[in-house]
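Spelled out, the chains give:
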Amino acid sequence: ARFSCQSATLNLAVARANMGFLALISQHPEVAIDALEYAVHNQQLLLRDAHPSLIATMDHLVVAQIFVGQRDKAIRLLRRMYHMQIEAFGPTDSRPLETHKKILTLEESETLPAPETATPNTGGEHRRQSSSK
């Protein structure tokens, strides 16, 4: 019974992550943040650190936070992702290095003026999240 409850919770978290992604690409970042925060919280409880679904959900949450002007929160979340990836894959793996580049880009952009209008650019890079561990 415990496993089935965890499985149902994980399925719900993945569904909420997908809903958050859809809200993000539909240019509703506030709605996306609500769904993605819920998904991150539950995925963290049920998946191992640096699980691909968890990292993808966190990455989408970062984008949503940037679009509503929560740059500091986005940087903190990226740093958390970075440390999770280093622990899981080591400091020379491409995944934490890519996250580190995102952190540097965001930190550098703090000195630049904000764009007049921001629209999510996902470039079709969203991958379907799996509920498998």
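Residues numbered from 1 in each chain as written. Predicted model: local features only at pLDDT ≥ 70, side-chain atom pairs only at ≥ 80, totals over all residues. Heavy atoms only, no water.

**What to know about the confidence of the model for the protein chain**
- Looking at the protein chain, the pLDDT average stands at 85 and 80% of residues meet or exceed 70.
- The low-confidence segment residues 122–133 (pLDDT under 50) makes 23 contacts with residues lying over four places distant or belonging to another chain. (pLDDT = per-residue confidence, 0-100. Contact = heavy atoms within 4.5 Å.)

**So, helix H4 (residues 71–89)**
- Taking 1.5 Å of rise per residue, 19 residues should cover 27 Å, and H4 covers 26 Å from first to last C-alpha, within 8% of that figure.
- Taken residue by residue, H4 has Ala74, Ile75, Leu77, Leu78, Met81, Tyr82, Met84 and Gln85 as its buried positions.
- As for H4, its buried residues are in contact with helix H3 (52–67) and helix H5 (94–109).
- Glycine 90 sits one or two positions beyond H4 and adopts a positive phi of about 95°. (Helix = DSSP H or I, 4+ residues; strand = E, 2+ residues; numbered from the N terminus. Expected span 1.5 Å × (residues − 1). Buried < 20%, exposed > 50% of the residue type's maximum accessible area, 1.4 Å probe, protein only.)

**Here we look at unusual backbone geometry**
- The residue glutamine 27 is not glycine, and still its phi comes out positive at about 65°.
- Position of glutamine 27 among the secondary structure elements: in the loop between helix H1 (2–25) and helix H2 (29–46).
- One non-glycine residue, alanine 50, adopts positive backbone phi at about 65°.
- Residue alanine 50 is classed as buried on the basis of its relative accessible area, which comes to 5%.

**Quick look at the packing of H2 against H3**
- In the contact formed by H2 and H3, the axes pass within 9 Å of each other and the chain directions differ by 150°. Between H2 and H3, the interaxial angle falls into the category roughly antiparallel. Judged by the sense of rotation from one axis to the other, the crossing of H2 with H3 is left-handed. Residues Pro29, Ala32, Ile33, Leu36, Glu37, Ala39, Val40, Gln43 and Gln44 of H2 pack against Ser53, Leu54, Thr57, Met58, His60, Leu61, Ala64, Gln65 and Phe67 of H3.
- A breakdown of the residues in the contact of H2 with H3 according to their chemical character gives eleven nonpolar, six polar and one charged. (Axes fitted to C-alpha atoms, helices over the stretch in contact; angles between N-to-C directions. Parallel < 35°, antiparallel > 145°, perpendicular 65-115°, else oblique. Left-handed = near helix turned anticlockwise from the far one by under 90°. Nonpolar A, V, L, I, M, F, W, Y, C, P; charged D, E, K, R; others polar.)

**Quick word on the packing of aromatic side chains**
- Inspection of the entire model under this criterion finds zero aromatic pairs.
- Note that arginine 95 overlies the ring of phenylalanine 89, its terminal NZ or CZ placed 3.6 Å from the centroid. (Phe/Tyr/Trp six-rings, centres within 6.5 Å; stacked < 30°, edge-to-face > 60°. Lys NZ or Arg CZ within 6 Å of the ring centre and 35° of its normal.)

**Quick look at the packing of H4 against H5**
- Contact geometry for H4 and H5: axes closest at 9 Å, N-to-C directions at 160°. Relative to H5, the element H4 is oriented roughly antiparallel. The two elements H4 and H5 meet at a crossing, and its hand is left-handed. Here Arg71, Ala74, Ile75, Leu78, Arg79, Met81, Tyr82, Gln85, Ile86 and Phe89 of H4 come into contact with H5, specifically with Arg95, Pro96, Thr99, His100, Lys102, Ile103, Leu106, Glu107 and Ser109.
- Class assignment of the residues belonging to the contact of H4 with H5 gives a composition of ten nonpolar, four polar and five charged.

**Describing the pattern of salt bridges**
- A complete count under the given rule lists four salt bridges for this structure.
- Two residues, aspartate 59 and lysine 102, come together in a salt bridge whose shortest N-O distance is 2.8 Å. Here aspartate 59, found in helix H3, pairs with lysine 102, found in helix H5; they are 43 residues apart in sequence, far enough to count as distant.
- The partner of arginine 79 in a salt bridge is glutamate 107, and the shortest N-O contact between them spans 2.3 Å. Of this pair, arginine 79 sits in helix H4 while glutamate 107 sits in helix H5, and the two are 28 residues apart along the sequence.
- Its relative accessible area of 38% is what places arginine 79 among the partly exposed residues. (Salt bridge = Lys/Arg side-chain N within 4 Å of Asp/Glu carboxyl O.)

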